[in-house]
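Per-entry structural report
This is what each chain is made of:
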Amino acid sequence: MAGPSDPEQVTKNKDKEDKEKELNDWLPVTASRTAKWWSSTFHNVTAIVGAGVLGLPFAFSQTGWAGGIISLGLSWLVTLYTFWQLIELHELVPGKRFDRYHELGQHVFGERLGLWIVVPLQIGVQVGTDIVYMVTGGKSLKKFFDIVVPTFGAIRKTYFIMIFAAIHVFLSHFPNFNSIRGISVIAASMSIFYSTIAFVASLMKGPHQGISYAPRSSTSAGMTFDVFNAIGTVGFSYAAHSVALEIQATLPSTEEKSSKGPMWHGVLFAYAIVAFCYFSVSVAGYWAFGNTVQDDILVSLERPPWLVAVGNLMVFIHVIGGYQVFAMPIFDMIESYLVKTRKFEKGPLLRLIGRTAYVLFTAFIGISIPFFGGLMGFFGGLIFAPNSYFLPCIMWLIVKKPKAFSLHWILCWFSIIVGTLLMLFSPIGGLRQIIMDAKTYKLFS
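Worth saying up front: this structure is predicted, and the values here are computed from it rather than measured.

Our next topic: the overall build of the chain. Check the secondary structure of the chain and you find 16 helices and zero strands. Long-range contacts, defined as pairs at least 24 residues apart, comprise 86% of the intrachain contacts of the chain with a sequence gap of at least 6. Accessible surface for the chain amounts to roughly 18,900 Å². Of this, 70% is attributable to carbon and sulfur atoms.

Laid out in C-alpha cells, this is it:
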C-alpha cells in the first residue's frame, strides 16, 4: 500500500539521480561520449605501446630466444582475449554501462568487496605506469640532448624529469578523455615511428663480432631472477586493460548500436600495431646486441646519431600522451571522491589542486627511484598481471558461468594460471633488479 512518504521518497531519488548525472557530466571519463572507433585505437595504442616496448630486447636477453618469443606471443593472445571480455562486460546489464573498472567490479563482487579488489589494482597500474613514464620521459629527453647538444651532458637526469613533470602540470587540465584525443593521435603515431626507428637502427647495426646470446647471469640463481624480471617486463607491456572500460565509456551507445562493435574494431587495429612494434623491436634489438643490450634499447643504440636522437625525442612525445591516458581515470577518481565524499565544490580550483598534486607526486617518486628495467618487472607482475591477465576472466566465470571444459571455461582458467604465476614470480625479479641498480645510485642524481 502506498504511504504518504512515497512522493517525498520519489523526489529524493530523483534529486539524487539528477546530482549523479550532473557530476557524471563533469567528471573526465563520462563528460563526453562522442568518440569514434578510431579514437579507441589511438587511446589503446598510446596506452599499450609505451615504455614497455623499449625494455623488450632486455627481457629477451634474460630469457633467451625461445623464452622471449613464447612469453611475448602468449601474453599478446591472453590479453587480447581478456580485452574482449571487458568490452563484452561493459554493457553486461541492459540499459546500464559500467564506465569504470571498479563499477564493473562492484557489480560482480559486491559494493564493498568490488572496490577493495579492483581499485587498489587499477590505481597501482595507472600510478605505476605514470611513474615509469616520468622516468622514461626524463631519460629520453636527456639522451636526445646528449646527442644533439653534447654540452648538456653534465645536466642531471633529475632536471629532465622535472621538465617532463612541468609539461604535465599544464596538460593535466584538459577536462576529459575526448579533449586529449589529439594528444593520443600524436602519441600513438610516435610509438609506431620510434619502434620502427629502433627496429631499423638495430638491423643497420647488426650483431658485432663475439656477440653472445647466453643468459645475462652466470649463476642459476641469477638466471632464475632474470627470468622472473623478464616476464614482469612483458606483463608491463600490456597495461591498457586498466583504462579499457574508461575508453569505451567515451563511445556512444544505443539500443540499435552498442559501443561493443566500435570498441572491438578499435582494439583489433591497436593490437595489430602492437604486434608489429613489439616483435620487431624485441627480435631486432636482441639480435643486434645479445646479452649486452640495456634496459632501454634506444640507450644501447648509438649510430646513426641523428636517428637515435629522433627516436628518443619521439619516445618523449609518446609518453607525454601515455601519461595523460593513464592519469585521466585517476583524475576521475580524485575528483569524484572529493566531490561526493569530502563535499568539495566541483570546479577549476578543485582540478588545479588535485591534478597538480598527482603530477608532483609521480614526479617525486620517479626522481627518487629512476630504475626503468626493475620498475617494469616489479610493477608488471605485482599489479599489472591481475588487471590484464586474470581479473576479467574471474568476472567472466562469475557472471557468465560457462560450462566446465567449454572453450571459454578453458581459456579463462588458462589465463588465470598464467596471470597468477606472473603475479607471484615477476615482482621478485623486478625487486632484485632495483636493488642491483641502487648499489651505484645516489638519491636525486
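If you walk through the whole model with that rule in mind, you get 23 aromatic pairs. Geometrically, the ring pair formed by Phe-60 and Tyr-286 is edge-to-face, given 6.2 Å between the ring centres and 65° between the ring planes. One end of the pair, Phe-60, is in helix α4 (residues 56-89); the other, Tyr-286, is in helix α11 (residues 260-289), and 226 residues separate them in sequence. Measuring from ring centre to ring centre gives 6.3 Å for Tyr-133 and Phe-326, while their planes differ by 80°; the resulting arrangement is edge-to-face. Separated by 193 residues along the polypeptide, Tyr-133 in helix α6 (residues 111-148) and Phe-326 in helix α13 (residues 305-340) bring together distant segments of the chain. Under the relative-accessibility criterion, Tyr-133 is labelled buried at 1%. Taken together, Trp-76, Phe-83, Tyr-238, Tyr-271 and Tyr-278 form an aromatic cluster joined through their ring pairs. Above the plane of the ring of Trp-396 lies Lys-400, whose end atom (NZ or CZ) is 5.3 Å from the centre.

There is about 1,100 Å³ of room inside the largest pocket. In this structure, the largest pocket is lined by 34 residues; those nearest its centre are Arg-100, His-102, Glu-103, Gln-106 and Lys-340. A per-element tally of the lining of the largest pocket places α13 first, with six residues. Its residues assigned to classes, the lining of the largest pocket comprises twelve nonpolar, eleven polar and eleven charged.

What follows is about the packing of helix α8 (residues 181-205) against α13. Running from N to C, α8 and α13 point in directions that differ by 145°, and their axes come no closer than 8 Å. Judged by the twist between their axes, the crossing of α8 over α13 is left-handed. Only Leu-307, Val-310, Gly-311, Met-314, Val-315, Ile-317, His-318, Gly-321 and Val-325 of α13 make contact with α8, whose side of the interface consists of Ile-183, Ser-184, Ile-186, Ala-187, Ala-188, Met-190, Ser-191, Phe-193, Tyr-194, Ile-197 and Ala-201. Looking at the contact of α8 with α13 residue by residue, the classes come out as 15 nonpolar, five polar and no charged.

A separate point is the packing of α4 against α11. Where α4 contacts α11, the axes come no closer than 11 Å and their chain directions differ by 180°. Relative to α11, the element α4 is oriented roughly antiparallel. Residues that form the contact of α4 with α11 fall into these classes: 23 nonpolar, six polar and two charged.

Now for the confidence of the model for the chain. Across the chain, the average pLDDT comes to 85, with 88% of residues at 70 or higher. Highest mean pLDDT in the chain belongs to helix α5 (residues 101-109) (94); lowest belongs to helix α1 (residues 6-24) (71).

On to a nonpolar patch on the surface, then. Taken together, the side chains of Trp-65, Ile-69, Leu-203, Tyr-213, Val-283 and Trp-287 present a nonpolar region at the surface, about 480 Å² in accessible area. Mapped onto the secondary structure, Val-283 falls in helix α11. Overall, the relative accessible area of 31% leaves Val-283 in the partly exposed class.

Now for the environment of His-102. Within the secondary structure, His-102 is located in helix α5. Separated by 14 residues in the primary sequence, His-102 and Trp-116 have C-alpha atoms spaced 8.9 Å apart. Apart from the residues within four sequence positions on either side, His-102 is in contact with Leu-115, Val-118, Val-119 and Gln-122.

With that settled, the discussion passes to the nonpolar core. Counting residues in hydrophobic clusters, the biggest one holds 106 residues, and the most contacted among them are Phe-83, Tyr-238, Tyr-278 and Met-395. Ranked by the residues each element gives to this core, the list is headed by α13, at 14 residues. Apart from residues no more than four positions distant in its own chain, Met-395 is found in contact with Leu-89, Tyr-101, Leu-104, Gly-105, Val-108, Phe-109 and Val-118. With six residues, the next largest nonpolar core counts Leu-23, Trp-26, Val-339 and Leu-350 among its residues.

Once that is clear, we can look at the environment of Ser-426. Assignment of secondary structure puts Ser-426 in helix α16 (residues 407-438). What makes Ser-426 buried here is its relative accessible area of 0%. Residues Ser-426 and Phe-228 lie 198 residues apart in sequence; the distance between their C-alpha atoms is 4.2 Å.

This paragraph deals with helix α7 (residues 157-171). Along its 15 residues, α7 runs 21 Å from first to last C-alpha, staying within 8% of the 21 Å computed at 1.5 Å per residue. Thr-158, Phe-160, Ile-161, Phe-164, Ala-165, His-168 and Leu-171 are the residues of α7 that are buried. Around the axis of α7, the buried residues are gathered within 165° of arc, so they sit on the same side. Looking at the buried positions of α7, the neighbouring elements they touch are α6, α8, α13 and α14 (348-368).

What counts, and at which threshold
Residues numbered from 1 in each chain as written. Predicted model: local features only at pLDDT ≥ 70, side-chain atom pairs only at ≥ 80, totals over all residues. Heavy atoms only, no water. Helix = DSSP H or I, 4+ residues; strand = E, 2+ residues; numbered from the N terminus. Contact = heavy atoms within 4.5 Å. Areas by Shrake-Rupley, 256 points an atom, 1.4 Å probe, with all protein chains shown as cover. Phe/Tyr/Trp six-rings, centres within 6.5 Å; stacked < 30°, edge-to-face > 60°. Buried < 20%, exposed > 50% of the residue type's maximum accessible area, 1.4 Å probe, protein only. Lys NZ or Arg CZ within 6 Å of the ring centre and 35° of its normal. 1 Å grid on protein atoms, 1.4 Å probe; cavity = no way out; pocket = protein on both sides within 12 Å on 5 of 7 lines; lining within 4 Å. Points joined across faces, edges and corners; volume = space filled by probe spheres on them. Nonpolar A, V, L, I, M, F, W, Y, C, P; charged D, E, K, R; others polar. Axes fitted to C-alpha atoms, helices over the stretch in contact; angles between N-to-C directions. Left-handed = near helix turned anticlockwise from the far one by under 90°. Parallel < 35°, antiparallel > 145°, perpendicular 65-115°, else oblique. pLDDT = per-residue confidence, 0-100. Patch = residues over 30% accessible without salt bridge, like charges linked within 9 Å, V, L, I, M, F, W, Y side chains within 5 Å. Salt bridge = Lys/Arg side-chain N within 4 Å of Asp/Glu carboxyl O. Core = buried A, V, L, I, M, F, W, Y, C linked by side-chain atoms within 4.5 Å. Expected span 1.5 Å × (residues − 1). Arc of directions from axis to C-beta.

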